[in-house]
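# Understanding the architecture of this molecule
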Amino acid sequence: MNRQIVRLTHVSLALLAVLVVMTTYWQTWAAPGLADRQDNAIRRVAELAIERGLIFSFAPRRRLARNVEREVDGSTLFFRRYPYGPLTAHVVGYSTAGRSRTGLERSLNDYLTGATDNLSSVVDKALDELRGRPVRGSDVVTTIDLDAQRVALEALGTRCGAVVALDPRTGKVRVLVSSPSFDPNLVETRFAQISRITADCASPAPLLDRATAGLYVPGSTFKVITASAALESGKYTPESSFFDPGYCLVYGKRVSNFDTSRPFGTISLENALVHSVNSVFCNVGLKLGAKRILEQARRFGFYQRPPLETPSEERAASGLYRNRKLYTPRLDSDVDAGRMAFGQERMLVTPLQMAMVAGAIGTGGRLMEPHVVERIVRPGGRVVLRPRPKLLREAVSEETAQAVARMMRLAVERGTGTAARLSGFVVGGKTGTGETGVPGSNTTWFIAFAGRSEDEPAEVAIAVVLENQSGTGGTTAAPIARAVLEALLASAENP
Amino acid sequence: MSARDRELAGLVLAGLVAGLALASVAIAREGSLSPRAAAFAAGFFALYLTAHAVARRTVPYADGGLLPLAAVLTGVGVAINERLDPAGGARQALWVAIGVGVLVATLIVLRRDYRVLESYRYLFGIAAVLLLLLPSVPGLGERVNGVRLWVQAGPLQFQPGELAKICLIVFLAGYLREKRETLAQGRLKDLGPLLAIWGAAMLVVVQTNDLGSALLNFGIFLAMLYVATGRALYVGVGLGLFAGGAALLYTALQHVRDRVTIWLEPWTDERVYCALNGRLELRQDCASYQLVKSLYSIANGGFGGTGLGRGTFAAPDGTELIPFLRTDFVYSALAQELGLVGVSALLLCYLLFVVRGMRIALRAGDGFSKLLAAGLTFGFALQTFVIVGGVLRVVPLTGITLPFLSYGGTSVLANFLLLAGLLLVSNRAAAPR
């Protein structure tokens, strides 16, 4: 029987060895992945013992997230407070014991808890643990301009919508506002209050970050992309002339201008953008074909989540959507290019994406990678991360950018966007009014860039979107854009 | 140095480990060493010294490594129970004391010749079957977690499956010793008992919903059959039958299907139907909640662990984050606080226990003793594998206990009986004739 017993011993030892191997797997190999899971309450509670890094605004420098200490069962725990509450709720997010995290609190959790693998921080952390001191995480300085942020949120008021403003030369995001907002201090204890928030739209969804994840019909703001595609194709110049009958024929059907009462007659491409003439862009779109326009949109960053530091789940890609999924047509005939050219036809975009478009036009076609993190600093003061301005790509040639920029400037000077005029600055903009199918409930837009002179790159690019509006982009969104641009340009003058 | 002297040295070491573990829990909770913890440790040590003294008298030649290994494991078990529930440590310590008492009594009663058990083998066989079916008796059985494992007798909860396992091993050792020659010839009609026991195992699963003890008992049966006959074919046929039976149960029983689904796919990205509240939920928030939370606990321990007494098991407001921590998931609590280093050391203790047990089986002089020692040891190893493997997602999770560590009276008692059996066999094998 001894031979069998020896074999049985081997089997028994193999079984126990499997346990050692699998324990090793879960505790080393799989552990980081499990720690990142949103339903991992143990990790979340364990991290309460860490003195989380603070989160700051760029200018004026204020603490957007701080800690309060509390003794629980003999150990010091750190709970988050957000002094500016709803003002920066979406971009900063929240970190609680009971719920999952959002915003930068989620995506930068490793930095904020000091868990980033780096030899000196590992040593610091081990020393803190040995001395019985709480581990301290790294501080995050964002690029947010708190004053302009406040102007934007107050201007939105009770309306549902979003404002995104960035410096198109560097990609630094100055304003990231979504309305209605919520108070992140209530998430842990009084979450029901947040779900009762109301606003002037059918589904207020205060937790949704409309600035980066809200998908809207772009309306006429998309004409900026169509115009870019038209000029890039070499088939058109700003002076190309069209006849506007007040409508456009698509597959035998009439698509009317927004204002059908007065057709423009013969009109140039430039003036068509200044006055936002649908029929012209409809014909341009039919001529160029859907694929060429979409290719131009891609060059502006469509069909990708814009690379921001917030969690990827909180950012949406712009593009054609079908059944809630991004959709790439294989043939030109799959999509109604005429309607797409002036921003209808299942095209959905985010405010962040449209701010990037305006910014690229304002800076000679250079599309910069957007950032909301200025730098991340270890407790000792050493900078562990400082994103450098990075060119995503040349979205259009410099000539095209200058031509489209000129059209947008004219639109603000004497076209649909006069409400955004700002004395002392050069503003170029484009209005948009996306029809949602419900009369009197339009999505209105204004996208713009602003600088000190026509010859220098723009200093600010902005996108404003409003839901459930009866007016046009020119009357509803442009004034908000103007107020935020003014606040940003003023703070740039007196830093 | 005699086996008993080695045992004493080992017990001093085990006492140190247990004392340190208890001290660590006390310091983490109260900030200093409490007299309570010191008294605990001293009492614990005294308990094992008593067992040692009795062993010197009754089984002087028995293996000296087993008792210290049991002391380390039960010591850590008392410490982790103390850690998870302030009243739990004392209760677990009481059960260990009773267990040591049972060990001492068994050693004294069977000190002359334990082989008398062989003549009562059918009695043990009947007892095993009765004990297995006991939880299914209406009015007696208690359903915990959808599994019938418990019997309620007055204030005491009793898990008869643990004792049934020991009875089964004694029965099989006696029965197989007697029938091994005829069975080894491999005639078809001799396979009758095999089929009968396979049927019984499946019946128990259907009755109690308890996959774990079915797997355990059937595994023990196959292992002992193999040791007795030396025919790998039986193992192959047995495993085939078990697989077939399991497949049948999988299609027939929703409970079994759920367990397997949880095992294969504990996380879902989309909401699936949740039987607990009738709504659509992510599976990690519903059916696989326990398993997933336990894995998070293990992962949180990492390489070095948080330190005994400093792990995270509850939210700041006191809500528990991991269910059934003291019974089914005691391993994940230990893994968090002791880390990979600590639980590997514990697994090494199990490994050493198994090696020593198998060595005893090798050295035993007669067939009954060999089968008994091999059966007890393999049962010990397989039980550890099934429960810890369940927690680690190696096999579907079942509700059996971790030997010497889980909270629970019957489990501790059964394992001390197992220890007594191994000590008796090794004493006889090593005794000068």
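Residues numbered from 1 in each chain as written. Chains lettered and ligands numbered in written order. Predicted model: local features only at pLDDT ≥ 70, side-chain atom pairs only at ≥ 80, totals over all residues.

A few words now on the overall build of chain A. Helix and strand content of chain A: 18 helices and 20 strands. The 495 residues of chain A split such that 54% are buried. A separation threshold of at least 6 residues defines the contact pool for chain A, and within that pool the share at least 24 residues apart is 70%. (Helix = DSSP H or I, 4+ residues; strand = E, 2+ residues; numbered from the N terminus. Buried ≥ 20, exposed ≤ 12 C-beta atoms within 10 Å, placed from the backbone. Contact = placed C-beta atoms within 7 Å.)

All names here are of chain B. Between its first and last C-alpha, helix H4 (residues 88-109) extends 31 Å over 22 residues, near the 32 Å set by a 1.5 Å rise per residue. Among all positions of H4, only Gly89, Gln92, Ala93, Trp95, Val96, Gly99, Val100, Leu103 and Leu107 are buried. Buried positions in H4, seen along its axis, are confined to an arc of 160° and lie on one side of it. Exposed side of H4, more than 90 degrees from the buried face: Ile108 and Val109 are the residues found there. (Expected span 1.5 Å × (residues − 1). Arc of directions from axis to C-beta.)

Residue and element names in this part refer to chain A. Reading across the sheet, the five strands line up as S6-S5-S20-S19-S18 and stay open at both edges, with antiparallel pairing between neighbours. Two strands in the sheet have a free side with no partner beyond their single neighbour: strand S6 (172-179) and strand S18 (426-434). Strand after strand, the sheet turns through a mean of 10° between neighbouring axes, direction not considered. Direction of pairing for strand S5 (residues 161-167) relative to S6: antiparallel, over a ladder of seven bridges. Bridge pairing in S6 places Val164 opposite Leu176. (Pairing = 2+ DSSP bridges. Axes fitted to C-alpha atoms, helices over the stretch in contact; angles between N-to-C directions.)

So, about the environment of B:Gly161. All names here are of chain B. With respect to the element layout, Gly161 can be found in helix H6 (residues 160-185). What makes Gly161 buried here is the crowd of 30 C-beta atoms within 10 Å. For the pair Gly161 and Ala128, spaced 33 residues apart in sequence, the C-alpha separation works out to 8.3 Å.

Okay, the pairing of strand S4 (residues 139-142) of chain A next. Residue and element names in this part refer to chain A. Summarising the sheet, strand S1 (residues 55-56) and S4 pair through two bridges and their orientation is parallel. Following the sheet pairing, Ile55 is matched in S4 by Val140. The sheet contact formed by S4 and strand S15 (residues 373-377) spans four bridges and is antiparallel. Residue pairing in the sheet places Val140 in a bridge with Ile376 of S15.

Turning next to the sheet that holds S1(A). Read from one edge of the open sheet, six strands run S3-S2-S1-S4-S15-S16 (chain A), paired in mixed fashion. Across the chains shown, the open sheet's two edge strands, defined by having one partner strand only, are strand S3 (75-81) and strand S16 (383-385) of chain A.

On to the interface of chain B and chain A. Of the residues lining the interface, 44 residues belong to chain B; the matching set on chain A comes to 36 residues. With twelve residues, helix H12 (residues 330-363) of chain B is the single largest residue contributor to the side of chain B that touches chain A.

All right, on to unusual backbone geometry then. With an omega of -15°, the peptide bond running from A:Ala59 to A:Pro60 counts as cis. Mapping A:Pro60 onto the fold places it in the loop between S1 and strand S2 (63-72). Cis geometry is adopted by the peptide bond preceding A:Pro180, which originates at A:Ser179 and carries an omega value of 0°. One can find A:Pro180 in the loop between S6 and helix H9 (191-195). Within the chain, A:Asn323 stands out as a residue other than glycine whose phi angle is a positive 50°. Unusually for a residue other than glycine, B:Arg393 sits at a positive phi of about 65°.

Residue and element names in this part refer to chain A. For Ile480, the position within the fold is in helix H18 (residues 473-493). On the neighbour-count criterion, Ile480 (27 C-beta atoms within 10 Å) is buried. Along the chain, Ile480 and Val151 lie 329 residues apart, while their C-alpha atoms are 8.6 Å from each other. Aside from chain neighbours lying at most four places away, what touches Ile480 is Ala155, Leu156, Val163 and Val464.

Closest axis-to-axis distance for the helix H1 (residues 2-29) of chain A/helix H13 (residues 367-391) of chain B pair is 9 Å, and the angle between their directions is 20°. Relative to H13(B), the element H1(A) lies roughly parallel. Of the two elements, H1(A) crosses H13(B), and the hand of that crossing is left-handed. Of the residues in H13(B), those in contact with A:Ile5, A:Leu8, A:Ser12, A:Leu15, A:Leu16, A:Val18 and A:Leu19 of H1(A) are B:Lys370, B:Ala374, B:Phe378, B:Ala381, B:Leu382, B:Thr384, B:Phe385, B:Val388 and B:Gly389. When the residues that make up the contact of H1(A) with H13(B) are grouped by side-chain class, the tally is twelve nonpolar, three polar and one charged. (Parallel < 35°, antiparallel > 145°, perpendicular 65-115°, else oblique. Left-handed = near helix turned anticlockwise from the far one by under 90°. Nonpolar A, V, L, I, M, F, W, Y, C, P; charged D, E, K, R; others polar.)

On to the packing of helix H2 (residues 35-58) of chain B against helix H3 (residues 66-84) of chain B, then. Residues and elements named next belong to chain B. The N-to-C vectors of H2 and H3 enclose an angle of 160°; their axes lie 11 Å apart at closest approach. As the angle between them shows, H2 and H3 are arranged roughly antiparallel. Pair H2 / H3 crosses with right-handed handedness. In this structure, H2 uses Phe44, Tyr48, Ala51, His52 and Ala55 to contact H3, whose residues at the interface are Leu67, Ala71, Gly75 and Val78. In terms of residue class, the contact of H2 with H3 is built from seven nonpolar, two polar and no charged.

Before going further, it helps to examine the pairing of S6(A). With eight of its eight residues buried, S6(A) lies for the most part within the structure. Where S5(A) folds back onto S6(A) in an antiparallel hairpin, the turn is made up of four residues, including A:Gly171, whose phi is positive at roughly 85°.

This paragraph deals with the confidence of the model for chain B. Of the residues in chain B, 94% reach a pLDDT of 70 or more, and the chain-wide mean stands at 87. Model confidence for the complex is summarised by a pTM of 0.80, with the ipTM given as 0.94. (pLDDT = per-residue confidence, 0-100.)

Another point: the environment of A:Ile197. Residue and element names in this part refer to chain A. Take Ile197: it is sitting in the loop between H9 and helix H10 (210-213). Overall, the presence of 15 C-beta atoms within 10 Å leaves Ile197 in the partly exposed class. Taking C-alpha positions, Ile197 is 42 Å from Ala229, a pair spaced 32 residues apart along the chain. Ile197 has contacts with Pro180, Phe182, Pro204 and Pro206, leaving out every residue within four places of it along the chain.

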